[in-house]
Amino acid sequence: ETLNNYILLVDSYFGSAAWFPLLLLSVGVFFTVFLGVPQFKYFLQGWKILFSSGKGNAGQTSPFQALSTALSGTVGTGNIGGVAMAIFIGGPAALFWMWITAFLGMTTKFVEVSLSHAYREKNNFGEVSGGPMVYMEKGLNMKWLGVIFAFSLLISTFGSGNMPQIDNISSTIESSFGIDPLVTSIVMSLLVALVIIGGIKRISTIAASIVPLMAFIYLIGGLSVLIFNYENIIPSFQII
């Protein structure tokens, strides 16, 4: 309870504060205009790169493996659990703002990834490292800001990075099969450890093997819900 109260206190100054979504939206609007709507401009090029071999790139994974790794931590918690939570808290109209922030967020992510590539570096073992903390240090000459960002990532990962996932998984398995959430948590922790201890290459390889099937099941499940509830599609848009 103490930990939860602390997280809520920090969140009240950042994530839940009115200035935070306004700042995110304004950044997305700025880069969308400044870069000439890259969501559309580079759409076809993005698909072309995705299915390329990746030869000539300095990265440790192929473009498809990189995308799969990113999607593996997004599908489910974000677009299933997150959407349900948003509707529960803000009502159906919250979906509209999720569409807006998702569209603008594409540009923000595009800029973040581009800067991460521009300032990435290799260590003595030939492993590539990068990210906001690196281009804050190398590009902005603000190492202190990179340190704060890295520390904030550790804190947020402890909360939003793994708690919602295991809570959704364990509670669903408990309601469906009656398995104790503690047992599910321990098994999942061991499975995740076996993957992440192998580094980015093992993570990307396993993600590239699992994510396509996961995406297929997700699409089939989503279409099934729409088909069996087709009479609610138009009324849902009207409510939103």
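Figured I'd write up the structure that's included with this text. (Residues numbered from 1 in each chain as written. Predicted model: local features only at pLDDT ≥ 70, side-chain atom pairs only at ≥ 80, totals over all residues. Heavy atoms only, no water.)

1. Here's the deal with the overall build of the protein
Defined as follows: Where helices and strands are cited, they refer to DSSP runs of H or I of at least four residues and of E of at least two residues respectively, numbered from the N terminus. Note on classification: 1.4 Å probe, protein chains only; a residue is buried when its accessible area is under 20% of the maximum for its type, exposed when over 50%, partly exposed between these limits. Any two residues whose heavy atoms approach within 4.5 Å at even a single point are treated as in contact.
Looking only at helices and strands, the protein has 13 helices and two strands in total. If you line up the protein on its principal axes, its C-alpha atoms span 55 × 45 × 45 Å. For the protein, the proportion of its 240 residues judged to be buried stands at 13%. Residue pairs at least 24 apart in sequence account for 49% of intrachain contacts in the protein once pairs closer than 6 positions are excluded.

2. A few points about the environment of Arg-120
Along the chain, Arg-120 turns up in the loop between helix H7 (94-118) and strand E1 (121-122). Owing to a relative accessible area of 29%, Arg-120 belongs among the partly exposed residues under this scheme. Linking Arg-120 and Ser-171, residues 51 residues apart in sequence, is a C-alpha distance of 39 Å.

3. Quick look at helix H5 (residues 63-72)
Where H5 is concerned, the buried positions are Pro-63, Gln-65 and Ser-68. Taken together, the buried residues of H5 touch helix H4 (43-50) and helix H12 (199-228).

4. What about unusual backbone geometry?
Peptide bonds are, in most cases, trans, and in most cases residues other than glycine have a negative phi. Within the chain, Val-37 stands out as a residue other than glycine whose phi angle is a positive 55°. Mapped onto the fold, Val-37 is located in the loop between helix H2 (19-34) and helix H3 (38-41). In the Ramachandran plot, Asn-141 falls in the positive-phi region, its phi being about 55° despite a non-glycine side chain. With respect to the helices, strands and loops of the structure, Asn-141 is situated in the loop between helix H8 (132-138) and helix H9 (143-161). Taking relative accessible area as the criterion, Asn-141 reaches 66% and is therefore assigned exposed.

5. Here's the deal with a nonpolar patch on the surface
Formally: Residues form patches when they are more than 30% accessible in relative terms and have no salt bridge. Like charges link within 9 Å. Nonpolar side chains (Val, Leu, Ile, Met, Phe, Trp, Tyr) link within 5 Å. Using the Shrake-Rupley algorithm and a 1.4 Å probe, accessible areas are obtained, with residue cover drawn only from the displayed protein chains. Should a side-chain nitrogen of Lys or Arg be within 4 Å of a carboxyl oxygen of Asp or Glu, the pair is scored as a salt bridge.
Taken together, the side chains of Leu-3, Tyr-6, Ile-7, Leu-9, Val-10, Tyr-13, Phe-14, Trp-19, Leu-23 and Met-163 make up a nonpolar region of the molecular surface, amounting to roughly 970 Å² of accessible area. Looking at the nonpolar patch, the elements that each hand over two or more residues are helix H1 (2-13) and H2. Among the elements that line the nonpolar patch, the one with the most residues is H1, at six residues. Structurally, Trp-19 is set in helix H2.

6. Here's the deal with H12
Condition: Expected span of a helix, by definition, is 1.5 Å for each gap between consecutive residues, and there is one gap fewer than residues. For a residue, the bend is simply the angle between two axes, fitted respectively to the seven-residue segment ending there and the seven-residue segment starting there.
Here H12 spans 42 Å end to end across 30 residues, near enough to the 44 Å set by a 1.5 Å rise per residue. Ala-208 marks the point of greatest bend in H12, at about 30°, and the proline Pro-212 comes within the next four residues. When H12 is considered as a whole, its buried residues turn out to be Ser-204, Ala-207, Ala-208 and Val-211.

7. Things to note about the environment of Asn-123
If you trace the backbone, Asn-123 turns up in the loop between E1 and strand E2 (128-129). The sequence separation of Asn-123 and Lys-201 amounts to 78 residues, and the corresponding C-alpha distance is 15 Å.

8. Observations concerning the pattern of salt bridges
Per the counting criterion, the structure on display carries three salt bridges. Taken together, the shared-partner salt bridges connect Glu-121, Glu-137 and Lys-138 into one network.

9. Let's talk about the packing of aromatic side chains
What counts, and what does not: Two aromatic rings from Phe, Tyr or Trp, using only the six-membered ring of Trp, form a pair when their centres are within 6.5 Å; if the ring planes differ by under 30 degrees the pair is stacked, by over 60 it is edge-to-face, and anything between is tilted.
A complete count under the given rule lists eight aromatic pairs for this structure. For the ring pair Tyr-42 and Phe-110, a centre distance of 5.5 Å and an interplane angle of 15° mean the geometry is stacked. Of the two residues, Tyr-42 is situated in the loop between H3 and H4 and Phe-110 in helix H7; the sequence distance between them amounts to 68 residues. Residue classification places Phe-110 among the partly exposed positions, given a relative accessible area of 33%. With centroids separated by 6.2 Å and ring planes inclined at 35°, the aromatic side chains of Trp-99 and Phe-237 adopt a geometry described as tilted. Note that Trp-99 is positioned in helix H7 and Phe-237 in helix H13 (residues 233-239), a separation of 138 residues in sequence. Take Trp-99: its relative accessible area is 44%, and that puts it in the partly exposed class.

10. Side note on the environment of Leu-115
Position of Leu-115 among the secondary structure elements: in helix H7. Overall, the relative accessible area of 32% leaves Leu-115 in the partly exposed class. Taking the C-alpha atoms as reference points, Leu-115 and Gly-131, separated by 16 residues in sequence, lie 7.8 Å from one another.

11. Focus: the side chain of Thr-184
By secondary structure assignment, the location of Thr-184 is in helix H11 (residues 181-196). Looking at Thr-184, the relative accessible area reads 6%, which means it is buried. Leaving out residues up to four positions away in the same chain, Thr-184 has contacts with Ile-166, Ile-169, Ser-170, Ile-173 and Ile-179.

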